[in-house]
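Geometric and topological summary
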Amino acid sequence: MESTVIKSRNFNASFGSNHVVKNVNIDIPRNHVIAVMGPSGCGKTTYLRCINRMHELIPGASSSGEMKLNDEDVYQMHPIFVRLKIGMVFQRPNPFPNLSIYDNVIAGYKLNGIKLPKAERDRIVEHSLTRVALWNEVKDSLNKKGSFLSGGQQQRLCIARAVAMEPEVLLFDEPTSALDPISTSTVEELFHELKVNYTLIIVTHNMQQAARVSDKTAFFFMGELVEYDDTKIMFTNPKDNRTQNYITGRFS
Amino acid sequence: MQPSHVKYRLGKSYGFQILTYILAFACVVPLIAILFFIIKAGVTKINWHFLVNIPKPVGETGGGIANALVGSILIILVASVIAIPIGIMAGVYLSENRKSRLAYWCRLSTDILQGVPSIVIGIVAYFWLVKPFGKFSALSGSAALAIMMLPIVIRSTEETLKLLPDSLKEAALALGMPFHRVIFKVIIPVGVSGILSGVMLSIARITGETAPLLFTAFGNPYLSTKLTQPMQSLPLLIFNYATSPYNEWHDLAWGASLILLVWVLFLNIFTKIVTRKWKVQL
């Protein structure tokens, strides 16, 4: 089944008078891994943060155009519902330092005041931690604080926290740039597992990572979406000169 | 063998080091001296009887400071109930809206409020609360002390929350949490040790305040727990009894001074312990 889950039309975003994302049109298919790459300052992170309306939290930020989740305009929905359906993982692991590992996983329920029976909570925690391949490492220390884990484990904990809410789309903002190579490969392996149930959009400025993990790749340059195609095509036979230059390392 | 100009410089450096030691030690001396003096004068006056009885009339020996102890606790409790929620909320506002016009004025006025002499705050409370109701009351004293607590609570909350990383708030918002839950379930719990230490220090600060209570809570020679009536408090008792001509009352004042000192000392130490214990490792 190939259906579009995120669709933007003529989407623009700015910080004050600084126009960062220019006229982006993109269709993101369900249950795929989409890599968004480009040089620093090209607007890729800003675009990502527009999808779940995190962009508007920054003072002076604005956006226009169409951003649809399953044919429903994200900017007509309440941001809280948007963010429940579109989870996010950040560049640096940011587990809640005051909560245990267990509570971090169900933070989306617990802190939102959603009451669940204990058995259901246990199921969600075990399921989510298993999904991110963390269960075996932490099952004996669920009551310890999340900040005791290593950086890579913390990042997987943050992914588990997002997965626990059963969103449709997961956004990753350079999820491995603060991790060592071994943790990075563990997280990258997860992407293949997770796309069975979710659609993943991953911002990265690491081209090899984009090539390794994604089905489709979008290349942003100076706020424009230059090219968007199957990853294989993007890396073997790009149509645009700028994409060609970027992936051959002529600029970065 | 070093040349003489190097020796001279080394000597000067050594002399300067010694000077810093001496001056650092000099800072400790006043506290030790005060402690020693007050413990010496007060410790013999304190016993169970002293803590649970009210002062006796002039000429009779014995008597205690129960009315002042109860009064102090009640007045501070009510002041805390008024000032802590307002202070923490204002601090949250300041850390969340760093550049708004209201934040600028709020910050400026807390800074100024911090510098307002306590006697002036007492006068203001007198004109706002004592005069309109036509009587001295513990409540008006609490209000005056609450005003004194506010700037400390507000600024310590703001400074604590400002140091928390934005990523923490983003993590909560990205889970679809509404603003009030982000504040109450994430931001405040993570910053709790800093906020609490501000609260405790503000309580320690107002415990010994006399001036704002002079013409608000006024003092009361009897045990009273009615907030709408005049009430005794430790600093008021010390002020009134120490300036009286009677030796029995002087004894009470010494004992009360020691109690007050121990109270403030205990609060400060407790603050340090709590801050360390409740600190959330980021």
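The rules behind each value
- Residues numbered from 1 in each chain as written.
- Chains lettered and ligands numbered in written order.
- Predicted model: local features only at pLDDT ≥ 70, side-chain atom pairs only at ≥ 80, totals over all residues.
- Contact = placed C-beta atoms within 7 Å.
- Helix = DSSP H or I, 4+ residues; strand = E, 2+ residues; numbered from the N terminus.
- Nonpolar A, V, L, I, M, F, W, Y, C, P; charged D, E, K, R; others polar.
- Axes fitted to C-alpha atoms, helices over the stretch in contact; angles between N-to-C directions.
- Left-handed = near helix turned anticlockwise from the far one by under 90°.
- Buried ≥ 20, exposed ≤ 12 C-beta atoms within 10 Å, placed from the backbone.
- Pairing = 2+ DSSP bridges.
- Right-handed = clockwise from strand over helix to strand, strands pointing away.
- Expected span 1.5 Å × (residues − 1).
- Bend = angle between axes of the 7 residues up to and from the residue.
- Domains from an automatic or database assignment.

Some words on the interface of chain B and chain A
Listed per partner, the contact involves 19 residues of chain B and 21 residues of chain A. Contributions of two or more residues to the side of chain B that touches chain A are made by α7 (166-174) and α8 (179-190) of chain B. Counted by class, the side of chain B that touches chain A contains 13 nonpolar, three polar and three charged residues.

A word on the packing of helix α3 (residues 66-96) of chain B against helix α6 (residues 138-162) of chain B
Residue and element names in this part refer to chain B. The N-to-C vectors of α3 and α6 enclose an angle of 35°; their axes lie 6 Å apart at closest approach. As α3 packs across α6, the resulting crossing turns out to be right-handed. Of the residues that constitute the contact of α3 with α6, the class distribution is 23 nonpolar, seven polar and two charged.

What about the pairing of strand β7 (residues 169-173) of chain A?
Residue and element names in this part refer to chain A. Burial analysis of β7 places five of its five residues in the buried class, which makes it a mostly covered element. Taken together, the four bridges between strand β6 (residues 86-89) and β7 define a ladder with parallel strand orientation. From the neighbouring strand, Ile86 faces β7, where its bridge partner is Val169. With five bridges joining them, β7 and strand β8 (residues 199-203) adopt parallel strand pairing. From the neighbouring strand, Phe172 faces β8, where its bridge partner is Ile202. In this view, the connection linking β7 to its parallel neighbour β8 by way of helix α8 (residues 181-194) has right-handed handedness.

Some words on helix α5 (residues 118-133) of chain B
All names here are of chain B. Over its 16 residues, α5 runs 22 Å from end to end, which matches the ideal 22 Å to within 8%, given 1.5 Å per residue. At Tyr126, α5 is bent by approximately 40°, the largest bend along its length. For α5, the set of buried residues is Ile121, Gly122, Ala125 and Val130. Turning to α5, the residues buried within the fold contact α6 and α10 (211-214). The positive-phi residue at the C-terminal boundary of α5 is Gly134, with phi of around 75°.

A closer look at the environment of Met148(B)
All names here are of chain B. Inspection of the secondary structure puts Met148 in helix α6. For Met148, a count of 22 C-beta atoms within 10 Å puts it in the buried group. On a C-alpha basis, the gap between Met148 and Arg205 in space is 8.5 Å, while along the polypeptide they are 57 residues apart. Once you skip the residues sitting within four places of it in the chain, Met148 turns out to touch Ser118, Ile121, Arg205, Ile206, Glu209 and Pro212.

Here's the deal with the domain arrangement of chain B
Residues and elements named next belong to chain B. Partitioning chain B into domains gives domain 1 (4-42) and domain 2 (50-277). Taking only C-alpha atoms into account, the centre of domain 1 sits 34 Å from that of domain 2. Tallying the contact residues gives four residues for domain 1 and five residues for domain 2. Its residues assigned to classes, the side of domain 1 that touches domain 2 shows three nonpolar, one polar and no charged.

Some remarks on the environment of Gly42(B)
All names here are of chain B. If you trace the backbone, Gly42 turns up in helix α1 (residues 4-42). Taking C-alpha positions, Gly42 is 25 Å from Met200, a pair spaced 158 residues apart along the chain. The contact partners of Gly42, leaving out residues within four places of it in the chain, are Trp254, Gly255, Ser257 and Leu258.

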